[in-house]
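One-letter residues, chain by chain:
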Amino acid sequence: LSKSMIYGKHKYAIIVDGENGIDTPMNLLFSNQSLLSYVDPFKNSNYQTLYNLLIHERSVFYSNYGEFQKPGINYLLQNGYIEVSELGYLRIKDVHKVEVLKKLYNEGEISYYHCEPKERKVIETFVAAGWLKYDEYLLSPNERHFINFYLNNAEYSNGYQLRNKYSHGVTPNCEGDKNEHQTAYYYFLMIFVIILLKMDVDFQLARHYVKRCNQA
């Protein structure tokens, strides 16, 4: 699939493969395996993650954490993700940084131009640290995976392989399923609409970027 019209202008940011420092804050904040939401008096509140705990409660005291939990809390404190208030309770310190991490934890990627300026600065910082890299295609990596599942077997052995079935003008025999061609048609139509919408977004972003450059 083709490059974006704003190629070289940071269409998406994605997590760099392999050992990556971004995994530590993401897991501490958003994983239900970190155990950082399991603290008195909220042990039975079922918040699951530290992030959910901190956005819903205003009396999460640092002193209530056990010694086995404090290394994780201290890491987040030392790196500016959370802070201790004057009254001794924990709260999120850098909302923009935490929101970027949340999007990345949930999706593994983030659309640079759909973020507000302060979040873009965070993304740029993470790229400079080697945690993220830019991706310049029309479709995001997840979107490419989705379409590849329908079109070919390059990534998925259990995909629909529609491109292979209908390539070179060959129409497959569908005697066993009279609706197979109709179903394939709907899938092709869905893919066409997705790509058309993504192209429209790309045109708008390109127009906005050119306008901004002319005003600079």
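Everything quoted here is computed from the prediction, not taken from an experiment.

Conventions used here
- Residues numbered from 1 in each chain as written.
- Predicted model: local features only at pLDDT ≥ 70, side-chain atom pairs only at ≥ 80, totals over all residues.
- Heavy atoms only, no water.
- Helix = DSSP H or I, 4+ residues; strand = E, 2+ residues; numbered from the N terminus.
- Buried < 20%, exposed > 50% of the residue type's maximum accessible area, 1.4 Å probe, protein only.
- Contact = heavy atoms within 4.5 Å.
- Phe/Tyr/Trp six-rings, centres within 6.5 Å; stacked < 30°, edge-to-face > 60°.
- Lys NZ or Arg CZ within 6 Å of the ring centre and 35° of its normal.
- Core = buried A, V, L, I, M, F, W, Y, C linked by side-chain atoms within 4.5 Å.
- Expected span 1.5 Å × (residues − 1).
- Arc of directions from axis to C-beta.
- Salt bridge = Lys/Arg side-chain N within 4 Å of Asp/Glu carboxyl O.

Summarising the element assignment, Leu-87 is placed in the loop between β2 (82-84) and β3 (90-92). We classify Leu-87 as exposed; its relative accessible area is 65%. Considered as a pair, Leu-87 and Arg-58 are 29 residues apart in the sequence and their alpha carbons are 10 Å apart.

In this section: the side chain of Lys-198. As for its placement among the helices and strands, Lys-198 is situated in helix α8 (residues 180-215). Residue classification places Lys-198 among the buried residues on the basis of a relative accessible area of 15%. If near-sequence neighbours (up to four positions away) are discounted, Lys-198 is found in contact with Tyr-12, Leu-138, Leu-139 and Glu-143.

This part is about the packing of aromatic side chains. With the rule as written, the count across this model stands at 15 aromatic pairs. Note on Tyr-150 and Tyr-160: the rings are 5.1 Å apart at their centroids and 10° apart in plane angle, and the pair reads as stacked. Residue Tyr-150 is found in helix α6 (residues 141-151), and its partner Tyr-160 is found in the loop between α6 and α7 (162-166); the two are separated by 10 residues along the sequence. Overall, Tyr-150 belongs to the buried group, its relative accessible area being 12%. Clustering of aromatic rings is evident, with ring pairs tying together Phe-146, Phe-149, Tyr-150, Tyr-156, Tyr-160 and Tyr-187. Seen from the ring of Tyr-137, Lys-3 lies directly overhead, with NZ or CZ sitting 4.1 Å from the centre.

Take the nonpolar core next. Ile-22, Leu-50 and Tyr-65 are the most contacted members of the largest nonpolar core, which totals 39 residues. Every element with two or more residues in this core is listed here: β1 (12-15), α1 (23-30), α2 (50-56), α3 (70-78), α4 (95-107), α5 (117-128) and α8. Residue contacts for Leu-50: discarding those within four places in its chain leaves Leu-28, Leu-29, Leu-36, Ser-37, Tyr-65, Ile-73 and Leu-76. Core analysis: the next-biggest nonpolar cluster, separate from the first, contains six residues, Ile-147, Tyr-150, Leu-151 and Ile-191 among them.

What follows concerns α5. Taking 1.5 Å of rise per residue, the 12 residues of α5 would be expected to cover 16 Å, and the 17 Å separating its terminal C-alpha atoms lies within 8% of that figure. Buried within α5 are the following residues: Glu-119, Arg-120, Val-122, Ile-123 and Phe-126. Buried residues of α5, seen end-on, are gathered within an arc of 155° and therefore sit on one face of the element. In α5, the exposed positions that point more than 90 degrees away from the buried face belong to Pro-117, Lys-118, Lys-121 and Ala-128.

Counted under the stated rule, the structure contains nine salt bridges. In this structure, Lys-70 engages Glu-67 in a salt bridge whose closest nitrogen and oxygen atoms are separated by 3.5 Å. Judged by its relative accessible area of 15%, Lys-70 is buried. Taking the relative accessible area as the measure of exposure, Glu-67 reaches 63% and is therefore exposed. Put simply, Arg-144 and Asp-135 hold a salt bridge, and the shortest N to O gap is 3.0 Å. What makes Arg-144 buried here is its relative accessible area of 18%. Its relative accessible area of 8% is what places Asp-135 among the buried residues. Salt bridges linked by common partners bring Glu-83, Glu-86 and Arg-91 together as one network.

Function cannot be read off these values alone, since they describe shape.
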